[in-house]
2 protein chains.
Amino acid sequence: MSPDALKALFRNHPSGVAVITADSGTGPVAMTASSLFSISVAPPLLVFSASVMSSSTPALLAAETLVIHLIDADSHDIAVLGATSGVDRFADPDQWAILPTGEPYYTAPRRRLRGRVVKKEDAGAATLFVVHVIDSWQEDEDDASPLVYHNREWHVLGDVSRLA
Amino acid sequence: MSPDALKALFRNHPSGVAVITADSGTGPVAMTASSLFSISVAPPLLVFSASVMSSSTPALLAAETLVIHLIDADSHDIAVLGATSGVDRFADPDQWAILPTGEPYYTAPRRRLRGRVVKKEDAGAATLFVVHVIDSWQEDEDDASPLVYHNREWHVLGDVSRLA
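Residue positions are given per chain, counting from 1 as you read along its sequence in written order. Chains and ligands are labelled sequentially in the order written, the chains with letters from A and the ligands with numbers from 1. Reporting of local features is limited, given that this is a predicted model, to residues whose pLDDT is at least 70; pairs of side-chain atoms are given and counted only at 80 or more, and all residues count toward the totals for whole chains, interfaces and linings.

1. Digging into the overall build of chain A
Part 1: The helix and strand inventory of chain A stands at three helices and twelve strands.
Part 2: In this setup the radius of gyration rests on C-alpha atoms only. A globule is expected at 2.2 Å times the number of residues raised to 0.38. Over its C-alpha trace chain A gives a radius of gyration of 16 Å, about what one expects of a compact globule, namely 15 Å for 164 residues.
Part 3: Dimensions of chain A, computed from the C-alpha atoms along their principal axes, are close to 45 × 40 × 40 Å.
Part 4: The buried share of chain A, reckoned over its 164 residues, is 50%.
Part 5: In this description, any two residues whose backbone-derived C-beta atoms lie within 7 Å of each other are considered to be in contact. In chain A, 63% of the contacts between residues at least 6 apart in sequence involve partners at least 24 apart. Working definition: helices are DSSP H or I runs of at least four residues, strands are E runs of at least two. Numbering for both runs from the N terminus. Labels follow a simple rule on C-beta atoms placed from the backbone: if 20 or more others lie within 10 Å of a residue's own, it is buried; if 12 or fewer, it is exposed; otherwise it is partly exposed.

The following block contains the structure:
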């Protein structure tokens, strides 16, 4: 199967959006990921993948812990930032802070988790990360308008998108 | 972190919907998965997870090859079928067929892939499958209305959900 054919197929497979941040000692890095999912609640484990093409991957591979932000429509700009090449993703000091445990994080997203990388598995042109969740923070459970990435566009879920 | 807290967080992380079918010699099985993503296009690799709680997991673990359907709103009923416990998911002979290579598949979904399981990785209460895509079939690339699962409801993407 050709790379283009697989890309064409998966262009139509939507996903939620996460932004992953870490600092392994060489400064903060951020990466937008459409590959995050929860695979186990006990123990609490997440999986995401990072492409060898991503500038943040070396620092993520070196990180012991990281922060995973789950992105709503109102923090859409953070998802765009983490997906834009050639920019300083931490240029605006009003957008981010550092947790007492040392990890950088963006302040706008209303849901985030902190976890420890427990497994890294090479798979083709990417690495699969398995993350054990240590703690989490959520501003408001009920008022989410999650962002969805689909066919190179951003969508937001709500009453209008609900299947009757 | 408690299982309930992790569930509450990820309830607001939307996902695309896939239905995975296989027959390892004990009859056809089907499972609806919200955990599918593409991690590499060269080689063409997909990842999904199967919970130890799912009735189909033993047969998927024994399968060498399987079929992955990417679900649109118009084959929503197949996603419901693959997520419903205690029913015969192949009771209706009009809904499915068998590929010349032996794998069962549902005929309604308009995009599907066939792949070989190249890696299985235990992670907590689930197994991660890495699948090398062998071939794929797509009815119509441009006319997709992909289904999204979010907060125990189904959504469909379209003009109304697009972020302005």
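Having put the structure on the table, let's press on.
2. Here we look at the relation of the copies chain A and chain B
Part 1: For this overlay, a least-squares fit was computed on C-alpha atoms, restricted to residues scoring pLDDT of at least 70 in both copies. For the pair chain A and chain B, the best superposition has an RMSD of 0.0 Å and corresponds to a rotation of 180° with a translation of 0.0 Å parallel to the axis. Here the two chains are linked by the operation of a two-fold rotation axis. Across chain A, the smallest distance between a C-alpha and the rotation axis is recorded for Ser15 of chain A, namely 2.3 Å.
Part 2: When the interface residues of chain A are mapped onto chain B, 100% of them again fall at the interface, so both copies present the same face.

3. Notes on the environment of Leu61 of chain B
All names here are of chain B.
Part 1: Within the secondary structure layout, Leu61 lies in helix H2 (residues 57-62).
Part 2: Classification of Leu61 as partly exposed rests on a count of 15 C-beta atoms within 10 Å.
Part 3: Remark: the alpha-carbon pair of Leu61 and His13, spanning 48 residues in sequence, is separated by 27 Å.
Part 4: Excluding residues that lie within four positions of it along the chain, Leu61 makes contacts with Lys120 and Thr127.

4. Digging into the environment of Gly102 of chain B
Part 1: Here Gly102 of chain B lies in the loop between strand S7 (96-98) and strand S8 (104-106).
Part 2: The sequence separation of Gly102 of chain B and Arg114 of chain B amounts to twelve residues, and the corresponding C-alpha distance is 11 Å.

5. Some points on the pairing of strand S9 (residues 111-123) of chain B
All names here are of chain B.
Part 1: Relative to S9, strand S6 (residues 65-70) is paired through six bridges, and the arrangement is antiparallel. Within S9, the residue paired with Leu66 across the bridge is Gly115.
Part 2: Two strands qualify as a pair provided DSSP detects at least 2 bridges between them. Where S9 meets strand S10 (residues 126-138), twelve bridges bridge the pair, whose relative direction is antiparallel. Bridge pairing in S10 places Arg111 opposite Gln138.

6. Let's talk about the interface of chain A and chain B
Part 1: Tallying the contact residues gives 57 residues for chain A and 57 residues for chain B.
Part 2: Looking at the side of chain A that touches chain B, the elements with two or more residues in it are helix H1 (3-11), strand S1 (15-16), strand S4 (37-41), strand S5 (44-51), strand S9 (111-123), strand S10 (126-138), strand S11 (147-150) and strand S12 (153-156) of chain A.
Part 3: Per element, the largest residue contribution to the side of chain A that touches chain B is eight residues, and it comes from S10 of chain A.
Part 4: Throughout this entry, Asp, Glu, Lys and Arg are counted as charged residues, while Ala, Val, Leu, Ile, Met, Phe, Trp, Tyr, Cys and Pro are counted as nonpolar. The remaining residues, Gly among them, count as polar. Its residues assigned to classes, the side of chain A that touches chain B comprises 34 nonpolar, 15 polar and eight charged.

7. Digging into unusual backbone geometry
Among all residues save glycine, negative phi is the norm, and among peptide bonds the norm is trans.
Part 1: Cis geometry is found at the peptide bond from Ala42 of chain A to Pro43 of chain A, where omega equals 0°.
Part 2: At Asn151 of chain A, a residue that is not glycine, the phi angle is positive and equals roughly 50°.

8. Re the sheet that holds strand S3 (residues 29-33) of chain B
Residue and element names in this part refer to chain B.
Part 1: Strand order in the open sheet formed by seven strands is S3-S2-S6-S9-S10-S5-S4, with antiparallel pairing between adjacent strands. Each edge of the sheet is formed by a strand with only one pairing partner; in this case those strands are S3 and strand S4 (37-41). Averaged over neighbouring strand pairs, the angle between their axes works out to 35° when direction is ignored.
Part 2: Where strand S2 (residues 18-22) and S3 come together, five bridges link them in antiparallel fashion. Along S3, the bridge assignment pairs Ile20 with Met31. Helix axes use the C-alpha atoms of the stretch in contact, all axes being lines fitted to C-alpha atoms, and the angles between their N-to-C directions lie in the range 0 to 180 degrees.

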